[in-house]
Amino acid sequence: MKVTQIETTVTLSPPRDKPLRDALQTLSGGGSVTVKVYTSPSPLLSKEGLGEVAPLLSKEGSGEVGIIGTGSAFFGRIPGAPKTLKVLIDEELAPIVIGRDPFDVRAIHEDLKRETEYHGFTGITMFGIAALDVALWDIVGQACGVPCYKLWGACRDRVPAYAMVGWLNYTVEELKPICERALKEGFRAVKMKVGCPTLEEDVQRIVAVRSVIGKDTKLMVDANQVFTVAEAIRRGKVYEELGCYWFEEPIPAHDYDGYAEIAANLTIPLATGENLYGKEEFKELLTRKGADLVQPDLRRAGGPTEIMAIAQMAAAFGLPWASHGGGPVMLNLLCATPNAAWLETGFVSGGKPILEDGCALAPQGAGFAWE
Ligand SMILES: [Mg+2]
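From a predicted model like this one, the values you see are computed outputs, not experimental measurements. (Residues numbered from 1 in each chain as written. Predicted model: local features only at pLDDT ≥ 70, side-chain atom pairs only at ≥ 80, totals over all residues.)

Participant: Help me out: how do you make sense of the overall build of the protein in this one?
Facilitator: The helix and strand tally for the protein stands at twelve helices and 16 strands. Relative to the 2.2 N^0.38 estimate, which gives 21 Å for 371 residues, the radius of gyration of the protein is 21 Å and therefore close to what a compact globule would have. The dimensions of the protein, computed from C-alpha atoms along their principal axes, are 70 × 45 × 45 Å. When contacts within the protein are restricted to residue pairs at least 6 apart in sequence, long-range pairs at least 24 apart make up 71% of them. (Helix = DSSP H or I, 4+ residues; strand = E, 2+ residues; numbered from the N terminus. Rg over C-alpha atoms; globule rule 2.2 N^0.38 Å. Contact = placed C-beta atoms within 7 Å.)

Shown next as structure tokens:
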């Protein structure tokens, strides 16, 4: 089986009427790039034996059947980014993948990083590498007729899930029903943003949320990189007193020594990693003892191949990992790694993820399909 064609599609998001806001950024709308990777007929599939496996590409009347793997990269802001990424995928990355066997996905991943090293494989380049990596694993899962977490070697069939619903653009009064809805949907943990101009405002918001979620629901807080080390330690001690479950991204993501200083001065678990690129940057964070839990992002970390390596590296340091963002790819990864702790997601949408006792159930579709 070989990759025969790669199709990229840009979808622009209209500007949001009410942009979501964290302490650092306003998410006014951006868009996404979808990649479809087409293969030649697979020796593992025949037209007769297709069963429920989908989506599939069949050459008209030939009886030959190939597979379509899908990946995507989403931008919450910067409307020009999807078009930029499309050019990068079409002109630089796709030619490296076309003609290759999708089962050589790890070799292809290394080649994509090496071939883009001249201008850097981080930044937007990694968004493209990640989307292709997702599509290739999707093909391998479909070819084998199993969800990827089974393909990789399953550790579990569910993982605790929390709802990231407490954006900073919501007033204190708006926050309460939003958190109530998360509990009604079956979540037993919610995350809210902090990093208001004053600590007093943060405290007021945390107390308000706690008043509706009760003492048994876990409450994570996320500062999106806005503090100094000193301010992070000052506020972190207060979040800790208020019973918060973890303190996320208090300072700029690449200040590894700063993270180590904060971790050494707080008892509340320190979580970070959504803005790190590739296993190399996670190595820096972990060797300097800068986190108690790591949170790779599917796009920035570099796709499933890279996240598997990051999760295993965290395991070697005795640390858990949680996803930054949700979806079926992350859920498959969490179900195939022994140190997985949490799936991050928004509200349940279209019935997904399916929650049971506060846990998200593993998707059962081949590749990365939900079912
Ligand atoms: Mg975050």
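Participant: It is not clear to me how the nonpolar core should be interpreted in this structure. Could you clarify?
Facilitator: Proteins that are soluble and globular tend to have nonpolar side chains buried together. By size, the foremost hydrophobic cluster in this structure holds 98 residues, and its most contacted members are Leu132 and Val190. Looking at which element gives the most residues to this core, the answer is helix H3 (residues 124-144), with 13 residues. Domain assignment of the residues forming this core places at least three in each of domain 1 (3-145) and domain 2 (150-361). Those residues in contact with Val190, other than ones at most four positions away along the chain, are Tyr162, Ala163, Val165, Gly166, Cys179, Ala182, Ile213, Thr217 and Leu219. (Core = buried A, V, L, I, M, F, W, Y, C linked by C-beta atoms within 7 Å. Buried ≥ 20, exposed ≤ 12 C-beta atoms within 10 Å, placed from the backbone. Domains from an automatic or database assignment.)

Participant: Just to check I follow, could you spell out the packing of helix H7 (residues 229-241) against helix H8 (residues 256-265) for this structure?
Facilitator: Angle between the axes and distance between the axes are the two parameters that describe a pair of packed helices. As a packed pair, H7 and H8 sit with axes 10 Å apart at the nearest point and diverge in direction by 25°. The orientation of H7 with respect to H8, classified from their angle, is roughly parallel. You can see that H7 and H8 cross each other, and the crossing is right-handed. Two secondary-structure elements touch here, H7 through Val229, Ala232, Ile233 and Gly236 and H8 through Gly258, Glu261, Ile262 and Asn265. Tallied by class, residues from the contact of H7 with H8 come to four nonpolar, three polar and one charged. (Axes fitted to C-alpha atoms, helices over the stretch in contact; angles between N-to-C directions. Parallel < 35°, antiparallel > 145°, perpendicular 65-115°, else oblique. Left-handed = near helix turned anticlockwise from the far one by under 90°. Nonpolar A, V, L, I, M, F, W, Y, C, P; charged D, E, K, R; others polar.)

Participant: Just to check I follow, could you spell out the environment of Ala143 for this structure?
Facilitator: The residue Ala143 is located in helix H3 in this model. Judged by the 23 C-beta atoms lying within 10 Å of it, Ala143 is buried. In the structure, Ala143 is positioned 109 residues away from Pro252 in sequence and 41 Å away in space, judged by C-alpha atoms.

Participant: So what exactly am I meant to see when it comes to the pairing of strand S6 (residues 65-75) here?
Facilitator: The side chains of a regular strand alternate between the sheet's two faces. In terms of burial, S6 is a largely internal element, eight of the eleven residues being buried. Judged from the eight bridges that link them, strand S4 (residues 31-39) and S6 form a sheet pairing that is antiparallel. Considered in S6, the bridge of Thr34 is made with Ser72. (Pairing = 2+ DSSP bridges.)

Participant: Explain the packing of helix H9 (residues 278-287) against helix H11 (residues 304-316) to me, please; I cannot follow it from the model alone.
Facilitator: With their axes 9 Å apart at the nearest point, H9 and H11 run at an angle of 15° to one another. One way to sum up the angle between H9 and H11 is to call them roughly parallel. Read as a crossing pair, H9 and H11 show a hand that is right-handed. Between H9 and H11, the residues in contact are Gly278, Lys279, Phe282, Lys283 and Leu286 and Glu306, Ala309, Ile310, Met313 and Ala314, respectively. Partitioning the contact of H9 with H11 into residue classes produces six nonpolar, one polar and three charged.

Participant: Looking at this model, I keep getting lost on H9. Mind explaining?
Facilitator: Residues separated by three or four positions in an α-helix point in the same direction, a consequence of the helix having 3.6 residues per turn. Taken together, the buried positions of H9 are occupied by Lys279, Glu281, Phe282, Leu285 and Leu286. With its buried residues spanning 155° around the axis, H9 presents them on a single face. On its buried side, H9 packs onto H8, strand S11 (270-272), strand S12 (293-294) and H11. With its phi angle positive at about 55°, Lys289 sits one or two positions after the end of H9. (Arc of directions from axis to C-beta.)

Geometric values such as these leave the question of function open.
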